[in-house]
Structures are given as C-alpha cells and as structure tokens.
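Report on the structure
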Amino acid sequence: MSEFEIGTQAKRRCDLLGTGPFSEVEGQLTRRFLTPSHARALDQLAVWMAEAGMSVRRDAAANQIGRYEAATPEAPALLIGSHIDSVRNGGRYDGPLGILLGIDLVEALHRAGRRLPFAVEVVAFGDEEGSRFAASMSCSRAVAGTLDPAAVLDLRDADGVTLAEAFTAFGLDPARITDAARLPSEVIGFLEAHIEQGPVLEAEGLALGIVTAIAAQKRLMVRITGIAGHAGTTPMTLRKDPGPAAAECMLALERICQAGTDNLVGTVGRMTALPGAFNVIPGAVEFSMDIRAENSATRDAAVEAVTAEIHAIAARRGLAASVTLMQALSESPCDPGLTTLLEAAVGDLGLPARRLPSGAGHDAMVMADLCPTAMLFIRCEGGISHNPAESVTEADCALAVRAMLGFVDKLADQFSRQTSLSSRSERDSAERRDPGATRAAPGSRSAPSGRPG
Ligand code: GLV
Ligand code: MN
Ligand code: MN
C-alpha cells in the first residue's frame, strides 16, 4: 500500500474535490445538491471508501454511506460524517473535511487490521447548506426519520426545478426518500468533525475544540410588493417602490439583532428585485432572512419583532408584505457522555480540551433526533468560512484524526463493558425465570445495547 499520512490525506482530498469536475463552476467551488458535480464527488468518495475497506451504498435520500464492519456481523454502527455540498463559491473544507477525516480514520483501522465492537459508517450527507433549494439538511433529516417530504419535495431551485424532479434526474425515486430513515437500535452515535468557521480556536492558539451545542436557526422569505413602473417618468413622491422598503427592513433586522442577547444574529443573504432592470421600478423585492440564537426562545422573539417591523414599514409606504417561514431548527446540545469521551481523547494528545458552542448549523443538530451526537472543531485560518479563502493545516487535520481514533477506542471500551453487563443481566434474569436454561445454551449472545450511556 502507498504511503498513508492520516489527516494529510484527508486535506489533500478536500483540495482535489474543490476543483474541476467536482464543481459546477469553473475556477471556484460550487457543488449544490443533486447536481452532476455532486454525483461526481460521490463517485470519487466511493473509490476512497472502498480503498479504506468499506462497503459502499447510496441511500434513498442521496446520502452515500461507507460501512466498515464490526468484529461481529450486524452490530450497530457509529456514524461519522458531514456534508458534501457547498455554498456558492465556497471553501473546500466546510463539510468534506468531516467525511474525509472519517475515511482516514477507517483506513487507519483497516491498515492495522482492527475491528471494533461496533461498525463504523462514514456518511456523506447531500444538502446541509440548502444552497440549491430553500431547505437545508433534508438528507440528514431523512436519516434521522424527521423529514416531512411534503414540506420539501415541491421546493423549486432558481431554474424552477423542483426537489422531486432533481431527485428523479439523480436516478432516485422522490417517493422513497423516507426509506433512508435509520432505526435508533442500528446507530450508537454520530460524530461530526468540522472546521470551526469562526476565529476562537486560532485566537487561543488551539488546534481542536469540542462543541457543546449548535445554535437554533430559522430561515424566512420576505416579499414586499409595490407597483412596477417607469424609472424615468414616475416622480419620487408617486411611486410604490418596494426597494427602499426592503432596505429599511434590513436595517430593522440589523438593529434588532445588535440589541439582542444569546448570540442573536440575523443575515439577509439573498435579495432579488423583480423584474430586475436598470430602468424599471421593481414591482416586488424578495429577500431571505436567516436568524439564529443560542436558544429558540430568543430566536423566535427576534423573528416576531422583525416580522412586525416589516409589516409596519410596508404599511407606512402603502405596500404589501408577506413573511414565509421556510425552515426552523431548534438548538441542539451535544450528548454529554460522548462529549466527555471526545474531550478525554483530545486531552490524551496533550491538548487543552476547549469547549465552545457552534453558531453554524451542522448535520449533527438533526442527527440528535436519532442518536447521541458529538462534534469536533478544527481551527481554520482567520476563522474564515463560506469563502474560497477557507484554510486548514495538515498538522491540525492529523491531530483531528488522532483525537477521533482515541474517541472510538474509548467508545469501544464503554460499549464492550455495557454489552457484557447487559448480557450478564439478561443471563441472570433468564436464570431466574428458568434455572438451568442459560447453561444449556453455551455461546448464546444477547443483542448489544443500541446506545452508549
Ligand atoms: C451552514 O453552514 C449553516 O450554518 O447554515
Ligand atoms: Mn456551510
Ligand atoms: Mn458545514
């Protein structure tokens, strides 16, 4: 086998996936859900997953899963992964790094000929970013069993293609998307490694961090409607122009969030004036709002305040306004038990185990509805993300895989202890029900417990 440097390999592979056929746009990384560049990236991941000793399958929601079997067949699995899609003109590590570090981890086990008491599955989720359709994390929600297909399948991308049509074009049946759901008994946990996407670790000189919780978020679409008209002939006083109203709404969002607590943040990331011409007063302006806070209550209070302001601004200007909720995700604390193991694994490397919350959304926040979750953050240069300048070092990536390997070792110890305890207590109760029966069945094995404590 060729030279294998854990972490370094993952970073180089992210760099490779950041170019050429794996991006929709020449010279930048744009890889949106269910596009040919998404399919090509999955094909490449399949090669790497197989080389690392995994069997590979694609599920009904376009997630790709590599499975490295446990020492015993049909054992439940620890899922490790992140998303393969990107924002428009994004960085190379937001998402793919969590998948590729998982592949490096499995390759290290495979090369050492090691099997764990649970299987390891590396998952490449399809649409964490929601950069093509106005919903995000539908793929991980399908796996967690919380996706309502009716809420997403009719969403349209900028070209008018529905999510259902995109699924069909990708060779999948949209009617079967919920078949991707996993049973809690099949999954013992989910570990996501991700670049921090913020400046804290770098500022403190730390390579790794441990996530405590992921912030609550809401996505909304706002439409302000006026009357389209001629830009040269309509006096300023006689216009019904939704443009300046939209500008006022943005300022209201900024003011409300600046005055907020609990890391409240609000962003208008997309704005369209319709029909969109130099010489036409727009008939309508549409814009997105992304509002987040550490807890749903603070987020919801801000959404309410901004919505009231939008209606007041529109009414004052004689315009109509609508505010539509596109998606709501609650805050998601990471599992204390898994987080303690991850912290201990980072500590074993001689590194401080810095705990920090995540303002960015991650697949882990919806996977928490299925199983316990843990998240490892990796320092990124300048805290820059959602930007082609995103950067990580090979040394930090190597440390990340070593921490993840320490984590799976600790989880394996805990899992084996719990499995043997639960087998013993099952034997004891069988013995009480039917003395002599367990002795008559040597080698009988109880089903392993689905979750660590
Ligand atoms: C994804 O990066 C998000 O936080 O929206
Ligand atoms: Mn992102
Ligand atoms: Mn991400």
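A short tour of the structure in this document, coming up.

The rules behind each value
Residues numbered from 1 in each chain as written. Chains lettered and ligands numbered in written order. Predicted model: local features only at pLDDT ≥ 70, side-chain atom pairs only at ≥ 80, totals over all residues. Heavy atoms only, no water. Donors = N, O, S within 2.8 Å, 3.2 Å for Na, K, Ca; no water. Near = heavy atom within 4 Å. Polar contact = N/O pair within 3.5 Å; in protein donor to acceptor, adjacent residues only side chain to side chain. Areas by Shrake-Rupley, 256 points an atom, 1.4 Å probe, with all protein chains shown as cover. Nonpolar A, V, L, I, M, F, W, Y, C, P; charged D, E, K, R; others polar. Core = buried A, V, L, I, M, F, W, Y, C linked by side-chain atoms within 4.5 Å. Buried < 20%, exposed > 50% of the residue type's maximum accessible area, 1.4 Å probe, protein only. Contact = heavy atoms within 4.5 Å. Helix = DSSP H or I, 4+ residues; strand = E, 2+ residues; numbered from the N terminus.

**Examining the coordination of the manganese ion (ligand 3)**
Distances from the manganese ion (ligand 3) to its protein donors, H83 (NE2), D94 (OD) and H194 (NE2), fall at 2.0 to 2.2 Å. In primary-sequence terms, the residues that donate to the manganese ion (ligand 3) follow H-x10-D-x99-H.

**Examining the site of ligand 1**
Inspection of the region around ligand 1 gives E128, E129, R292, A360, G361 and H386 as its neighbouring residues. R292 is positioned such that a nitrogen or oxygen atom in its side chain is 2.6 Å from an oxygen atom of ligand 1. Contact distances for ligand 1 include 3.1 Å between an oxygen atom and a side-chain N or O atom of H386. For ligand 1, whose unbound accessible area comes to 200 Å², protein coverage reaches 95%. Taken together, the residues of the shell around ligand 1 break down into 1 nonpolar, 2 polar and 3 charged.

**A few points about the nonpolar core**
Counting residues in each nonpolar core, the largest one holds 80 residues, and the members touching the most others are L45, L97, L101, I103, L105 and F407. Ignoring any residue separated from it by four or fewer positions in sequence, one finds L97 in contact with A10, C14, I195, I378, V392 and C397. Core analysis: the second largest hydrophobic core is formed by 28 residues, I65, L79, L201 and M375 among them.

**Some details on the side chain of R182**
When you line up the elements, R182 lands in the loop between helix 6 (163-169) and strand 5 (187-195). Overall, the relative accessible area of 12% leaves R182 in the buried class. A polar side-chain atom of R182 sits 2.9 Å from a polar atom in the side chain of E121. Those residues within four positions of R182 in sequence are excluded, and the remaining contacts are R57, L79, E121, V143, V187 and L370.

**Describing the coordination of the manganese ion (ligand 2)**
Looking at the manganese ion (ligand 2), one finds its protein donor set to be D94 (OD), E129 (OE), E129 (OE) and H386 (NE2), positioned 2.1 to 2.7 Å from the metal centre. All donors of the manganese ion (ligand 2) belong to a single chain; written as a sequence motif, their spacing is D-x34-E-x256-H. Metal-to-metal, the separation of the manganese ion (ligand 2) and the manganese ion (ligand 3) is 3.5 Å; D94 coordinates the two. Taken together, the positions of D94 in the loop between strand 3 (77-83) and helix 3 (96-111) and H386 in the loop between strand 16 (373-378) and helix 12 (394-433) put the pair 292 residues apart, joining distant regions of the chain.

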